[in-house]
Amino acid sequence: MQNKVLVIGSGGREHALAWRLSLSTTVSQVFVAPGNPGTSREKNIKNVAIDINDFRAIITFCKDNNIDLVVVGPEQPLCDGVVDSLTNAGINCFGPTADAAQLEGSKTFSKEFLQKNNIPTAAYESFTNQDKAIDYLQKQNQYPIVIKADGLAAGKGVVIADNFNQAHDTVADMLSGNVFGEAGHRIIIEEFLQGEEASFIVISDGENFIPMATSQDHKARDDGDKGPNTGGMGAYSPAPVVTEEVFQKTIDLIIKPTIRGMKQQGTPFVGFLYAGLMIDKNNNPKVLEFNVRFGDPETQPIMMRLQSNLDELCLAAIKGQLNLCEVNWNHQACLGVVLAEKGYPNQYYKGSEISGLESISEDSCKVFHAGTAEKGGKIVTNGGRVLCVCALGEDIELAQNKAYQCVDKITWETKYNRKDIGFKAIKSEQS
Ligand code: AMP
Ligand code: GLY
């Protein structure tokens, strides 16, 4: 079987998914809609200029090109029902339906689901009324406290408030619809959890699931995990914090009840399920959030380590046959450093010419593109997170060394990156 695959999206995650798919022994051609300059430079990958919100255009492209499988990267089209539309048109589209995607699309939906199924998570309340929310804050009177917009807010809908005034203003801003529009008309206020975060991603067919290699990202912008929250400034796999014990607890207390609960309520979850975990000092994981897709930048190191054919896994999951599959991983660790534009996640410049890309050999590092554009044959910056530089190594420290050697060869005037990606993992490797 030689599959033709279409990947939907344009970021670093999609570059990594498309690249891994293009290396599959059962794939003949990969298309990416709309893709980026990184995907367009890959052998066997072609960018197609389709608006990913235009499901009819996607369906027409799939029919005209006999696409065997569509893999969806970002959450927005999933929440908008791309899987429902394509499946109705007879196309194999891997991901959750719009109903199942509410696990990410609505924090209220996901918190109610977690509570109903006794899955460990932070205590919370949900509000649409400002007076009631403020009342609740006054009664709780414990800081920090976490305030979240209900809907999709591109990773920016979470505020950790350190005092009443900040919490009050956040609640007022969100509920007035000023900050996140519709996504903020409902909010949840939840208990602040302490511990170490990890990303636990599984592929699910609605009933059976297979864990992906474990991973961790660094959400804070600056060294030492300081500064504003971002989409992720770097990631690595495996995650030492996910010990055997944590792994087993996550499977038994979180993943199994989630897959079972979604099936029982008539919205079986097919797709990549990402549980954002907070692991406390007693090794007990709690769910911070669900994502209904692969993480970015976690995908990049995970795809570097994946050795099985991703297309075959996705097609088996669509058929409900993951129980027949196995997944193989490279034993090496992988670490990816995000190169960003200075100022991200706030205001930043676009259009800087990037130099040094041609000096990187794929034996040392793999550079995945995210916010880049092509201008007069040159690659320029075109987003907050610009590139993710990934390297494999016998352990995370060796992977880190290799990755940073390449990071230093790629330059532009307003380049910004963390210098310490992996520091917690390396500390625990050493202990
Ligand atoms: P979320 O989009 O819900 O994952 O939140 C984004 C980030 O905010 C998480 O990765 C955590 O770093 C932080 N966060 C969210 N909820 C909590 C919580 N209840 N306690 C502590 N940190 C949190
Ligand atoms: N890296 C976190 C995310 O993809 O949401």
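Check the entry above for the structure.
Cut-off values and rules
- What you see as residue numbers is a count from 1 along each chain, following the sequence as written.
- All chains are assigned letters beginning with A, and all ligands numbers beginning with 1, in the order in which they are written.
- Reporting of local features is limited, given that this is a predicted model, to residues whose pLDDT is at least 70; pairs of side-chain atoms are given and counted only at 80 or more, and all residues count toward the totals for whole chains, interfaces and linings.
- Only hydrogens and water are set aside when side-chain values are computed; all heavy atoms of the structure are taken into account.
- Whether a residue is near a molecule or strand depends on its heavy atoms: it is near if one of them lies within 4 Å of it.
- Two N or O atoms form a polar contact when they lie within 3.5 Å of each other; inside protein one atom must be a possible hydrogen donor and the other a possible acceptor, and for residues adjacent in sequence the pair counts only when both atoms belong to side chains.
- What sets the accessible areas is the Shrake-Rupley method with a 1.4 Å probe; for residues, cover comes only from the shown protein chains.
- Ten residues, namely Ala, Val, Leu, Ile, Met, Phe, Trp, Tyr, Cys and Pro, are considered nonpolar, four, namely Asp, Glu, Lys and Arg, are considered charged, and the remaining ones, Gly among them, are considered polar.
- The buried label applies to any residue whose accessible area, calculated with a 1.4 Å probe on protein chains only, is under 20% of its type's maximum; exposed applies above 50%, and partly exposed to all values in between.
- A run of H or I in DSSP becomes a helix once it reaches four residues, and a run of E becomes a strand once it reaches two; helices and strands are each numbered from the N terminus.
- Here, a disulfide means two cysteine sulfur atoms that sit within 2.5 Å of each other.
- Salt bridges are counted wherever a side-chain nitrogen of Lys or Arg sits within 4 Å of a carboxyl oxygen of Asp or Glu.

*Asks:* So what's going on with the site of ligand 2? Which residues, and what values?
*Replies:* Taken together, D217, K219, G231, Y274, N291, R293, G295, D296, P297 and E298 make up the full set of residues near ligand 2. Within the backbone of D296, a nitrogen or oxygen atom sits 2.9 Å from an oxygen atom of ligand 2. Between ligand 2 and E298, the relevant distance is 2.9 Å, taken from a nitrogen atom to a side-chain nitrogen or oxygen of the residue. About the coverage of ligand 2: the protein hides 90% of its 200 Å² of free accessible area. Its residues assigned to classes, the shell around ligand 2 shows two nonpolar, three polar and five charged.

*Asks:* Residues and numbers for helix 7 (residues 107–116), please.
*Replies:* Of all ten residues making up helix 7, seven are buried, and the element is well covered by its neighbours. Along helix 7, the residues classified as buried are K107, T108, F109, S110, K111, F113 and L114. Within two residues after helix 7, N118 carries a phi angle of roughly 50°, on the positive side.

*Asks:* I'd like a description of the state of the cysteines, backed by residues and values.
*Replies:* Scanning all chains against the criterion turns up one disulfide. Paired through a disulfide, C365 and C406 show a sulfur-sulfur distance of 2.4 Å. Linking C365 and C406, the disulfide has an S-S dihedral of approximately 100° and is accordingly described as right-handed. Here C365 is found in the loop between strand 18 (333–341) and strand 19 (366–369), whereas its partner C406 is found in helix 13 (residues 396–407), with 41 residues between them in sequence. Comparing C365 with C406, the two get one shared label, buried. Note on C93: no disulfide assigned, nearest cysteine sulfur contributed by C62 at a separation of 7.7 Å. C334 takes part in no disulfide bond, and the closest cysteine sulfur, belonging to C390, lies 4.7 Å away.

*Asks:* Let's hear about the pattern of salt bridges: which residues, and what values?
*Replies:* Enumeration over the complete set of coordinates arrives at 20 salt bridges. Between D225 and R418 there is a salt bridge, with its nearest N and O atoms 2.8 Å apart. With D225 in the loop between strand 13 (220–222) and strand 14 (226–229) and R418 in the loop between strand 23 (415–416) and helix 14 (423–430), this residue pair connects regions lying 193 residues apart in the sequence. Judged by its relative accessible area of 28%, D225 is partly exposed. On the basis of relative accessibility, which here comes to 0%, the residue R418 falls in the buried class. Among the ionic pairs, K366 bridges to E362, the shortest N-O distance being 2.7 Å. On the accessibility criterion, K366 (3% relative accessible area) is buried. Residue classification places E362 among the exposed positions, given a relative accessible area of 55%.

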